[in-house]
Amino acid sequence: MNFTESQAREEICRVGRSLFERGYVHATAGNISVRLDDGFLITPTDACLGFLDPARLAKLDLQGQQVSGDKGSKTIALHRQIYAAAAETDADTRCVIHTHSTHCVALSLNAHGPELLAPITPYFVMKVGHVPLVRYHRPGSPDAAQEVAALIRSHAAQGRPIRAVMLPRLGPNVWHDTPAAAMATLEELEETAKLMLLQPETPALRATDLDELRQTFGARW
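Here goes a summary of the coordinates provided. (Residues numbered from 1 in each chain as written. Predicted model: local features only at pLDDT ≥ 70, side-chain atom pairs only at ≥ 80, totals over all residues. Heavy atoms only, no water.)

## Topic: the pairing of strand β6 (residues 164-167)
Defined as follows: Three exposure classes are used, based on accessible area relative to the maximum for each residue type with a 1.4 Å probe and protein chains only: buried under 20%, partly exposed in between, and exposed over 50%. Numbering goes from the N terminus for both helices and strands, where a helix is a DSSP run of H or I of at least four residues and a strand is a run of E of at least two. Strand pairing is defined by DSSP finding a minimum of two bridges between the two strands.
Covered by surrounding structure in β6 are Ala164 and Met166 together with Val165 and Leu167, the residues of both alternating faces. Across four bridges, the pairing between β6 and strand β7 (residues 171-176) is antiparallel. Note that in β7 the partner of Ala164 across the bridge is Val174.

## Let's talk about the side chain of Thr43
Its location among the elements puts Thr43 in the loop between β2 (39-42) and β3 (58-60). For Thr43, a relative accessible area of 0% corresponds to the buried category.

## Here's the deal with the sheet that holds strand β4 (residues 66-68)
Inclusion rule: Axes here mean lines fitted to C-alpha atoms, for a helix over just the part in contact, with angles spanning 0 to 180 degrees between N-to-C directions.
Read from one edge of the open sheet, seven strands run β4-β3-β2-β1-β5-β7-β6, paired in antiparallel fashion. Strand pairing shows two members of the sheet lacking a second neighbour, β4 and β6, which therefore form its edges. Each adjacent strand pair in this sheet contributes to an overall mean axis angle of 20 degrees, direction not counted. In the sheet, β3 pairs with β4 via two bridges, with the strands oriented antiparallel. Looking at β4, one finds that Lys59 is bridged to Ser68.

## Some words on the side chain of His137
Our working rule: Residues adjacent in sequence count toward polar contacts only when both atoms are side-chain atoms; beyond that, a polar contact is any pair of N or O atoms within 3.5 Å, and within protein one must be able to donate a hydrogen and the other to accept it. Residue contacts are defined here by distance: any two heavy atoms, one from each residue, within 4.5 Å place the two residues in contact.
Mapped onto the elements, His137 comes out in the loop between α4 (122-127) and α5 (142-157). A polar atom in the side chain of His137 sits 2.9 Å from the side chain of Glu147. In this structure, His137 is in contact with Asp143, Ala144, Glu147 and Leu170, ignoring residues within four places of it in sequence.

## Description of unusual backbone geometry
Not every positive phi belongs to a glycine, and Ala27 is a case in point at roughly 50 degrees. The topology assignment puts Ala27 in the loop between α1 (5-21) and β1 (31-36).

## Notes on α5
Defined as follows: Residue count minus one, scaled by 1.5 Å, sets the expected span of a helix.
An ideal rise of 1.5 Å per residue puts 22 Å on 16 residues; α5 measures up with 23 Å between its terminal C-alpha atoms. All of the buried residues along α5 are Ala144, Ala145, Glu147, Val148, Ala149, Leu151, Ile152 and His155. Those residues of α5 hidden inside the fold are in contact with α2 (76-86), β6 and β7. If you check the start of α5, you find a side-chain oxygen 3.1 Å away from the backbone N of Asp143, and it comes from Ser141. Phi for Gly159, located one or two positions after α5, is positive at around 80 degrees.

So, to be careful, I would describe these as geometric facts and stop short of saying anything about function.
Given below as structure tokens:
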């Protein structure tokens, strides 16, 4: 879905406020970006997502250079890598959201597998899908951006495109065609992480269950 720049600015602020008011983000953690035809919008560095001003969002050109607004979040390098890699299989990818959502981060503290979560609920399988774990990198590390892009491409090559990755000790990055859709993906991911923490011995759905979800709903698992 294509937004005008004005619409994108309003939607970033609406989504940021919603996430903040419902506890999916806190303090000045997290960021939201939207890909425009002529560049990117991204929340300013150290901004609270609950109190964003549409006019002060950072605008960057297609090369990631700042054009206007407050100084953009340093994570624009990661977001640009996500857009470039995801667009190879889904040209409609227009929004990336990063949060430090509590339950996702808590799960990542002791995670050892290649993914954050097993497929324990049908809606997690249908709405989120695989969430690979990235190796730990400091915030803003270019190595993290390259690793995320490589994961997106490798999963796409295996016929199972992804909409989310998990940065251990930091939080998830999710992406979709609109800020509202990306927010819904983030919510489903965080709520599934909460379920796993509440019931850590929950078994994964059976292979036959996953086949049925793929055949009926086109689930990406």
